[in-house]
Amino acid sequence: MVRLRARLARSQSSFGQGLLTLLSAKTLDEDTWEEIEDTLITADIGVTSATQIVENLRTRVKVLGTRDTEEVRGLLREELLNQIGADADRAVRTEPHSGRPAVIMVVGVNGTGKTTTTGKLARALVGDGRSVVLGAADTFRAAATEQLQTWGGRVGAPVVRKEEGADPASVAFDAVARGIEDGADTVIIDTAGRLHTKTGLMDELGKVKRVVEKKSQVDEVLLVLDATTGQNGLRQARVFAEVVNVTGIALTKLDGTAKGGIIVQVQRELGVPVKLVGLGEGPDDLAPFDPEVFVDAILG
Ligand code: GDP
């Protein structure tokens, strides 16, 4: 996986530099605090978190009576880490259990990067010496199946697929069966992200889950969210979180936005930790999310 810090620093440093420049002002007056809050909101951190960070920071700066830039930077680092939640369990559950592979469902709106994330995750696992089976359960788009097939060939993971229009749940069932047969460690199922109707989505993903549970269990439901889509993306993500029990978020396209604050907002909104971040289109452009590395990349 990529060197997270350098890659994040490239996309997120303008956000952090803006904050640090404001914090190094001679006098931290009302206007400056407001500008700091605006900078946080502009980075998609969310109004609630931005307000909390500014309130806490303001109080702490006042109590300590400090104007030392390094010290203030340290306080800001702590406040950002508090909002991100440094202690959350961010491990993606990929470990098999007694003869049965771990099963990961990848869900999210089309175009967010589901197939790419599935491929990259498979690549990382295969690179670690694990065996992986991929399930092409987005049977509504022939191109999605083809794309997953390409990833499978690239990373060395067999792809279970069916014809266009086939029942997604039957693909999931066969993928898990193949995983058991092959003694695979992990099965990753790329699902369809059509936001037609909420009940339609619920039925579809519910059925995939039930069918998997006939053979194994669903260990992880990764919701893929495109970091560049802001409030609209969050709204759509919320629908998915309402219909399936999401266990982790893969936040993609962080390379294409300086609005990394979305990590804070999405976790707060959905109550689920960001576990993976996507930093490009290449096979190695996926990294486990590490809050400390993220905050240090922001603050330079
Ligand atoms: P899906 O419809 O949700 O399966 O989305 P895809 O996996 O097909 O991805 C949609 C587009 O986003 C493709 O062009 C991907 O290469 C691109 N993409 C996915 N993840 C990332 C990422 O982390 N960074 C960038 N820059 N592009 C990405």
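Residues numbered from 1 in each chain as written. Predicted model: local features only at pLDDT ≥ 70, side-chain atom pairs only at ≥ 80, totals over all residues. Heavy atoms only, no water.

K.L.:
Is there a simple way to explain the side chain of Lys-114 in this structure?
P.N.:
Of note, Lys-114 is situated in helix H5 (residues 114-127). At 3.2 Å, the side chain of Lys-114 and the side chain of Asn-110 are in polar contact. What Lys-114 contacts, discounting residues up to four positions off in sequence, is Val-106, Val-107, Gly-108, Val-109, Asp-190, Thr-191, Ala-192, Gly-193 and Val-224. (Helix = DSSP H or I, 4+ residues; strand = E, 2+ residues; numbered from the N terminus. Polar contact = N/O pair within 3.5 Å; in protein donor to acceptor, adjacent residues only side chain to side chain. Contact = heavy atoms within 4.5 Å.)

K.L.:
Explanation requested: the environment of Ile-53 in the structure shown.
P.N.:
In this fold, Ile-53 is placed in helix H3 (residues 47-64). Remark: the alpha-carbon pair of Ile-53 and Thr-118, spanning 65 residues in sequence, is separated by 34 Å.

K.L.:
Even after reading the chapter, I still don't get the site of the ligand, so can you show me in this structure?
P.N.:
Taken together, 18 residues surround the ligand, and among them Gly-111, Thr-115, Thr-116, Asp-255 and Glu-281 come closest. Within the backbone of Lys-114, a nitrogen or oxygen atom sits 2.8 Å from an oxygen atom of the ligand. A distance of 2.5 Å separates an oxygen atom of the ligand from a polar side-chain atom of Thr-116. In the complex, 80% of the free accessible area of the ligand, which totals 590 Å², lies under the protein chains. Among the elements that make up the shell around the ligand, the one with the highest residue count is H5 (4 residues). Class assignment for the residues of the shell around the ligand results in 2 nonpolar, 10 polar and 6 charged. (Near = heavy atom within 4 Å. Areas by Shrake-Rupley, 256 points an atom, 1.4 Å probe, with all protein chains shown as cover. Nonpolar A, V, L, I, M, F, W, Y, C, P; charged D, E, K, R; others polar.)

K.L.:
Could you clarify how one ought to interpret a negative patch on the surface in this entry?
P.N.:
Together, Asp-29, Asp-31, Glu-34, Glu-35 and Asp-38 make up a region of like negative charge exposed at the surface. Looking at where Asp-31 falls in the secondary structure, it is placed in helix H2 (residues 30-42). (Patch = residues over 30% accessible without salt bridge, like charges linked within 9 Å, V, L, I, M, F, W, Y side chains within 5 Å. Salt bridge = Lys/Arg side-chain N within 4 Å of Asp/Glu carboxyl O. Lys, Arg positive; Asp, Glu negative; His and termini not counted. Charge placed at Lys NZ, Arg CZ, Asp CG, Glu CD.)

K.L.:
Quick question: what am I supposed to make of the packing of helix H1 (residues 4-23) against H2 here?
P.N.:
The description of two helices packed together rests on the angle between their axes and the distance between the axes. Axis separation between H1 and H2 bottoms out at 10 Å; the angle between their running directions is 170°. With respect to H2, the element H1 is oriented roughly antiparallel. Of H2, the residues touching H1 (which contributes Phe-15, Leu-19, Leu-22 and Leu-23) are Thr-32, Trp-33, Glu-35, Ile-36, Thr-39 and Leu-40. The residue inventory of the contact of H1 with H2, partitioned by class, reads 7 nonpolar, 2 polar and 1 charged. (Axes fitted to C-alpha atoms, helices over the stretch in contact; angles between N-to-C directions. Parallel < 35°, antiparallel > 145°, perpendicular 65-115°, else oblique.)

K.L.:
What is the right way to look at the packing of H5 against helix H6 (residues 142-155) in this model?
P.N.:
Contact pair H5 / H6: the axes reach a minimum separation of 9 Å and the direction vectors enclose 15°. Relative to H6, the element H5 is oriented roughly parallel. Considering how the two elements wind past one another, H5 and H6 form a crossing that is right-handed. Of the residues in H6, those touching H5 at Thr-115, Thr-116, Thr-118, Gly-119, Lys-120, Ala-122, Arg-123 and Val-126 are Ala-144, Gln-147, Leu-148, Trp-151 and Val-155. A class-by-class count of the residues in the contact of H5 with H6 yields 6 nonpolar, 5 polar and 2 charged. (Left-handed = near helix turned anticlockwise from the far one by under 90°.)

K.L.:
Can you walk me through the UniProt feature "domain: SRP54-type proteins GTP-binding" (unreviewed entry) in the protein in this structure?
P.N.:
According to UniProt, the feature "domain: SRP54-type proteins GTP-binding" (unreviewed entry) maps to residues 273-286 in the numbering used here. When the span residues 273-286 is considered, its composition is 0% helix and 43% strand, and the gap between its end C-alpha atoms is 16 Å. (UniProt positions renumbered as here; feature names shortened; annotations may be inferred.)

K.L.:
I keep staring at the nonpolar core and nothing clicks. Help me out?
P.N.:
Soluble globular proteins tend to bury their nonpolar side chains together. In terms of nonpolar packing, the biggest core is built from 74 residues, with Ile-36, Leu-40, Leu-251 and Val-277 touching the most fellow members. When residues in this core are grouped by element, the largest group, 7 residues, is from H1. Non-local contacts of Val-277, meaning those with residues more than four positions away in its chain, are made with Leu-4, Leu-251, Leu-254, Ile-263, Asp-285, Leu-286, Ala-287 and Phe-289. By size, the runner-up hydrophobic cluster in this structure holds 20 residues, among which are Leu-121, Leu-148, Val-224 and Leu-286. (Core = buried A, V, L, I, M, F, W, Y, C linked by side-chain atoms within 4.5 Å. Buried < 20%, exposed > 50% of the residue type's maximum accessible area, 1.4 Å probe, protein only.)

K.L.:
I'm lost on the packing of aromatic side chains in this one. Help?
P.N.:
Under the counting rule described, the total for this entry stands at 1 aromatic pair. Measuring from centroid to centroid gives 5.4 Å for Phe-289 and Phe-294, while their planes differ by 65°, and the two rings are edge-to-face. The class of Phe-294 is buried, set by a relative accessible area of 2%. Sitting over the face of the ring of Trp-151, Arg-154 holds its NZ or CZ atom 4.4 Å from the ring centroid. (Phe/Tyr/Trp six-rings, centres within 6.5 Å; stacked < 30°, edge-to-face > 60°. Lys NZ or Arg CZ within 6 Å of the ring centre and 35° of its normal.)

K.L.:
When you look at the sheet that holds strand E4 (residues 186-191) in this model, what are you seeing that I'm missing?
P.N.:
Backbone hydrogen bonds hold the strands of a sheet together, and the pairing may be parallel or antiparallel. Strands sit in the order E3-E2-E4-E1-E5-E6-E7-E8 across an open sheet of 8 strands; the sheet is mixed. Edge positions in the open sheet fall to strand E3 (159-160) and strand E8 (286-288), since each of these has one partner strand only. Strands strand E1 (102-107), strand E2 (132-137), E4, strand E5 (218-226), strand E6 (248-252), strand E7 (274-278) and E8 of the sheet are contacted by H5, whose axis makes an angle of about 170° with E4. Strands in contact with helix H9 (residues 230-243) are E1 and E5; relative to E5, the strand with the most contacts, it is inclined by about 160°. (Pairing = 2+ DSSP bridges.)

K.L.:
Help me understand the confidence of the model for the protein in this model?
P.N.:
For the protein, per-residue confidence averages 93 on the pLDDT scale, and residues scoring 70 or more make up 99% of the total. Scoring of the predicted complex yields 0.95 for pTM and 0.99 for ipTM. (pLDDT = per-residue confidence, 0-100.)

K.L.:
How do you make sense of the environment of Gly-111 when you look at a structure like this?
P.N.:
When you line up the elements, Gly-111 lands in the loop between E1 and H5. The exposed category is assigned to Gly-111, whose relative accessible area is 54%. Separated by 113 residues in sequence, Gly-111 and Val-224 have C-alpha atoms that sit 9.6 Å apart. Not counting chain neighbours up to four residues away, the residues in contact with Gly-111 comprise Asp-226 and Lys-253.

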